[in-house]
Amino acid sequence: MNSYDVIVIGSGAGGGTLVHHLAPSGKQILLLERGDWLRREPRNWLASDVFVDGRYVSHDTWHYSDGEAFQPQVHYFVGGATKLYGAALYRLRQEDFGVLRHHDGISPAWPISYEEMEPYYTQAEQLYQVHGIHGEDPTDPPASVPYPFPPVSHEPRIQQLSDDLAKAGLHPFHAPCGILLDEGNMPFSNCVRCQNCDGFPCVVHAKSDAEVIAVRPAIEHPNVTLLTGAEAVRLRCNSNETAVSGVVARVDGHEETFEADIVVVSCGAGNSAKLLLASATERHPNGLANASDQVGRNYMFHNSAAVLALSKEENPTVFQKTLGVNDFYFSGGEDFEFPLGNIQMVGKSQAPMFRGEKPGETMFAPTWSLEDIARHAVDFWLSTEDLPLPENRVTLANDGNIQISYTASNEEPKQRLYHQLKSMLADLGMHQGHLLPHHAYLKNDIPVAGVAHQAGTCRFGSDPATSVLNSDCRAHELDNLYVVDTSFFPSIGAVNPALTAMANALRVGDHLLERMGARSAAVPASAVAS
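Residues numbered from 1 in each chain as written. Predicted model: local features only at pLDDT ≥ 70, side-chain atom pairs only at ≥ 80, totals over all residues. Heavy atoms only, no water.

**Digging into the overall build of the chain**
Logical step 1: Scanning the chain from terminus to terminus reveals 10 helices and 21 strands.
Logical step 2: A compact globule built from 530 residues would reach a C-alpha radius of gyration of about 24 Å, and the chain, at 22 Å, matches this within 12%.
Logical step 3: On the principal axes, the C-alpha backbone points of the chain span a range of 70 × 50 × 45 Å.
Logical step 4: Here the chain, with 530 residues, has 62% of them falling under the buried criterion.
Logical step 5: Taking the contacts inside the chain whose residues are at least 6 apart along the sequence as the reference set, 73% of them involve residues at least 24 apart.
Logical step 6: Just so you have it, the chain exposes about 19,600 Å², and 50% of that area is on carbon and sulfur atoms.
Logical step 7: Once the 37 positive and 63 negative side-chain charges of the chain are each reduced to a mean point, those two points are 4 Å apart. (Helix = DSSP H or I, 4+ residues; strand = E, 2+ residues; numbered from the N terminus. Rg over C-alpha atoms; globule rule 2.2 N^0.38 Å. Buried < 20%, exposed > 50% of the residue type's maximum accessible area, 1.4 Å probe, protein only. Contact = heavy atoms within 4.5 Å. Areas by Shrake-Rupley, 256 points an atom, 1.4 Å probe, with all protein chains shown as cover. Lys, Arg positive; Asp, Glu negative; His and termini not counted. Charge placed at Lys NZ, Arg CZ, Asp CG, Glu CD.)

Following this line, the structure appears as C-alpha cells:
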C-alpha cells in the first residue's frame, strides 16, 4: 500500500506523539523513520561507548558556513532524539509566549497564547508520565491539574544542596522528569534510578521517550504502519502545486513514492528545513513553503554550558538530574535587568566521560585522578535563550547536505548565569574556583555540532510574509503540509523544548482529527498509566 490518509515523517517528540494521537481515529497512517530501532544491548549503559566512542551518533555530514564538514551529534532512531535525551520535560514559562527583551535583542511573541497551549501541556505530561510539583518553581506557569506523578526524590547530597540553596534565599525545585519510576513500589518499578539515564539509551525502556510512550502503542493499531530505514529526500506537489501529493523516500537504496492526503514533516529543525529546501518546484523555486524566504532561518539551539563543581566531600549520588533553579530566568538582579536563564542538574559524571578533555579541564588538582574527579563532581547544565536571528540559518551545501550559518547571541547573560552559579556554590561545600566547563556532553568545542535543543527554521505566525506556517502549523502556501517538530518555534525560551514539541503535536493532532472528521484521541487528565 502506497496511499494513505496521513504520512508523518520522523518519529521523535513531535512526529511520534502526533501518530499516537491520531492512531485511534482509524485513518490510514504511515510513519516514516530514516533510522531503525535502537538496539537494546549492555553497551547502551557504557559511558565509554556512549560518550567517548559515540556509538549511537548517526552517520551524517553537515557543513559550517565556510564549507568545512562536520559530523553532528544527531540520533536517527525510532523515537528520534528522545532516545538519548535527559527526559527533562519543562513547560515554557507563560511569559515566553509574549515579547521578551533580552540583552542582545527581542524574543518575539508566539501567535498563540500560553492559555491555548496549557491543556495540551497537561495532556503531554499525562502521556509522558512526568514527575514533579507545579508551583514549587516561582516562575512556573499556571497548570490546570497536578503532575500525574510525584517528584523524583533527591538523593542525600542533592537534598543537602537544595536545602542550602533555599537557606540562601533561592527557590530550588524538583525538576520535571519523564521516567517510568514508582518509588513507592520499587520491586515493580520499570526505572531503577540508575546512573545511565541522561544522554544514554535506556536498555530497560524505563525512560519516557517517544518510542516507548508513543510509537510502540501507536503501531498496535492496524491502521498505523511504521517504515524504518526510510529517509524522506523530497516532497512532490500536485499538478497546480498547491498541495503536497507525495513523499519520495530512499528505502533500501532506491527511491519510492508514498502518497497521502496530509503530509506532516517532523525531522528536526535542521532536517525539516533541508527537506523543504530540497523540494523546490517551478512554482516554489526557493523550496516548498518558502515564498517568505523564512525556511531555514532563525535556527536556534540554546546558548548552553555543561559545567561541574567539585564538592569537598564525595558526591555518591546515582540519579542526579532531580533539581533546578530558575531564580535568574527573567532577571540577573539589580545590576542586570535582562533574563539569564535556567540552571538544572545533569546526569552524574563518570570517569570515562572525561576522556579526550583538555588537560586544563580535567586536572583540577595535580594529584587527582579522573576517578577522584568523578566521585566529587556535582554537575550542572546552564541554558540561556538563543535569539532567533534571520542570519542564523540552514541552507543546502553543494552536496545537498545541511549547511549552517550561526553566530551565538546572549553571550553576556550566559557568562552572568555562569557566575551566578559560581557565587551560589561558593559557600555550599564546593572547592573554590572549581566550577569548570565540561564538554563531554557535546564532544566538540564548537557548540553548533552538538545540535541539542535545535529549534526554529519553520516558524509559525499570522503573517505569511514573515513566517512559514500558520497557527495550526500548516504551511501558508500548501493546503495539506504541516510541520510539528521544534522547527515551528518563533523563540526557544531557556528550558528544554521537548515537552512543548509534544504538547504542540497534540494540539495539531486535534486540528487534524477535526479536519479529517475523525474522533478525538485526547488523553484524559485522569488516564495515567502506571
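**A word on the packing of aromatic side chains**
Logical step 1: Under the defined criterion, the tally for this structure stands at 16 aromatic pairs.
Logical step 2: Ring plane angle 70 degrees and centroid distance 4.9 Å describe the contact between Tyr 329 and Phe 330, whose orientation is recorded as edge-to-face.
Logical step 3: Under the relative-accessibility criterion, Phe 330 is labelled partly exposed at 24%.
Logical step 4: Through successive ring pairs, a cluster of aromatic residues spans Phe 97, Trp 110, Tyr 114, Tyr 121, Phe 460, Phe 488 and Phe 489.
Logical step 5: One Lys or Arg, Arg 34, reaches over the ring of Tyr 76 and ends 3.8 Å from the middle of that ring. (Phe/Tyr/Trp six-rings, centres within 6.5 Å; stacked < 30°, edge-to-face > 60°. Lys NZ or Arg CZ within 6 Å of the ring centre and 35° of its normal.)

**So, helix α9 (residues 411-425)**
Logical step 1: Its 15 residues give α9 an end-to-end C-alpha distance of 22 Å, which sits within 8% of 21 Å, the value for a rise of 1.5 Å per residue.
Logical step 2: Within α9, burial applies to Pro 413, Lys 414, Leu 417, Tyr 418, Gln 420, Leu 421, Met 424 and Leu 425. Buried positions in α9, seen along its axis, are confined to an arc of 155 degrees and lie on one side of it. (Expected span 1.5 Å × (residues − 1). Arc of directions from axis to C-beta.)

**A word on the state of the cysteines**
Logical step 1: Enumeration over the complete set of coordinates arrives at zero disulfides.
Logical step 2: Cysteine Cys 202 is unpaired, with the sulfur of Cys 194 as its nearest cysteine sulfur at 6.3 Å.
Logical step 3: Considering cysteine sulfurs only, Cys 458 is the nearest to Cys 267, which forms no disulfide, with 9.5 Å between them. (Disulfide = S-S within 2.5 Å.)

**Looking at the packing of helix α1 (residues 15-22) against helix α10 (residues 498-516)**
Logical step 1: Running from N to C, α1 and α10 cross one another at 40 degrees; their axes reach a closest spacing of 8 Å. Between α1 and α10, the interaxial angle falls into the category oblique. For the pair α1 and α10, the sense of crossing is right-handed. Of the residues in α10, those in contact with Thr 17, Leu 18, His 21 and Leu 22 of α1 are Met 502, Ala 505, Leu 506, Val 508, Gly 509, Asp 510, Leu 512, Leu 513 and Met 516. (Axes fitted to C-alpha atoms, helices over the stretch in contact; angles between N-to-C directions. Parallel < 35°, antiparallel > 145°, perpendicular 65-115°, else oblique. Left-handed = near helix turned anticlockwise from the far one by under 90°.)

**With respect to the nonpolar core**
Logical step 1: Judged by nonpolar contacts, the single largest core of 109 residues is most densely connected at Ile 9, Tyr 128 and Leu 235.
Logical step 2: For this core, the leading source of residues is α10, giving 11 residues.
Logical step 3: Among all residues touching Leu 235, those that are not within four sequence positions of it are Ile 9, Val 244, Gly 246, Val 247, Val 263, Val 265, Leu 275, Leu 276, Ser 279, Leu 288 and Leu 481.
Logical step 4: Residues Leu 340, Phe 380, Leu 417 and Leu 425 belong to the second largest nonpolar core, which totals 25 residues. (Core = buried A, V, L, I, M, F, W, Y, C linked by side-chain atoms within 4.5 Å.)

**Here we look at the packing of helix α3 (residues 114-127) against α10**
Logical step 1: Across the interface, α3 lies against α10 with an axial gap of 8 Å and an inter-helix angle of 110 degrees. The orientation of α3 relative to α10 falls into the category roughly perpendicular. In this structure, the crossing between α3 and α10 has a hand that is right-handed. Contact with α3, carried on its side by Met 117, Tyr 120, Tyr 121, Gln 123, Ala 124 and Glu 125, involves Leu 499, Thr 500, Met 502, Ala 503, Asn 504, Leu 506, Arg 507 and Asp 510 of α10 and no other residues of that element.
Logical step 2: Residue composition of the contact of α3 with α10, grouped by class: eight nonpolar, three polar and three charged. (Nonpolar A, V, L, I, M, F, W, Y, C, P; charged D, E, K, R; others polar.)

**A closer look at unusual backbone geometry**
Logical step 1: Even without glycine at this site, Ala 87 takes up a positive phi of about 60 degrees.
Logical step 2: For Ala 87, the position within the fold is in the loop between β4 (69-70) and β5 (100-102).
Logical step 3: The class of Ala 87 is buried, set by a relative accessible area of 1%.

**Things to note about the confidence of the model for the chain**
Logical step 1: Per-residue pLDDT for the chain has a mean of 91; in total, 92% of the residues score no lower than 70.
Logical step 2: Counted against residues more than four places away or in other chains, residues 356-360, with its pLDDT under 50, gives six contacts.
Logical step 3: Low pLDDT, under 50, characterises residues 523-530; the predicted model gives this stretch 13 contacts beyond four residues in sequence or across chains. (pLDDT = per-residue confidence, 0-100.)

**Some remarks on the pairing of strand β19 (residues 402-405)**
Logical step 1: Both strand β3 (residues 62-64) and β19 contribute to a ladder of two bridges, which runs parallel. Of the residues in β19, the one forming a bridge with Tyr 64 is Ile 404.
Logical step 2: Where strand β18 (residues 393-396) meets β19, four bridges bridge the pair, whose relative direction is antiparallel. Across the sheet, residue Arg 393 finds its bridge partner in β19, namely Ser 405. (Pairing = 2+ DSSP bridges.)

**Comments concerning the sheet that holds β4**
As a general point, the strands of a sheet are linked pairwise by backbone hydrogen bonds and lie either parallel or antiparallel.
Logical step 1: Overall, mixed pairing links the four strands, which are arranged β4-β3-β19-β18 in an open sheet. At either end of the open sheet lies a strand with only one pairing partner, and these are β4 and β18.
Logical step 2: Sitting on the sheet, helix α6 (residues 269-277) touches β3, β18 and β19, and the angle it makes with β18 is about 45 degrees.

**A word on the side chain of Asp 49**
Logical step 1: With respect to the secondary-structure elements, Asp 49 resides in helix α2 (residues 47-52).
Logical step 2: Judged by its relative accessible area of 6%, Asp 49 falls in the buried class.
Logical step 3: If we ignore the near neighbours within four places in the chain, the residues touching Asp 49 are Arg 43, Gly 54 and Arg 55.

**Details of the environment of Met 186**
Logical step 1: Mapped onto the elements of the fold, Met 186 is located in the loop between β9 (177-178) and α5 (210-218).
Logical step 2: The exposure class of Met 186 is partly exposed, given its relative accessible area of 33%.
Logical step 3: The spacing of Met 186 and Ile 402 is 216 residues in sequence and 45 Å in space, taken between C-alpha atoms.
Logical step 4: Leaving out residues up to four positions away in the same chain, Met 186 has contacts with Leu 181, Cys 191 and Val 192.

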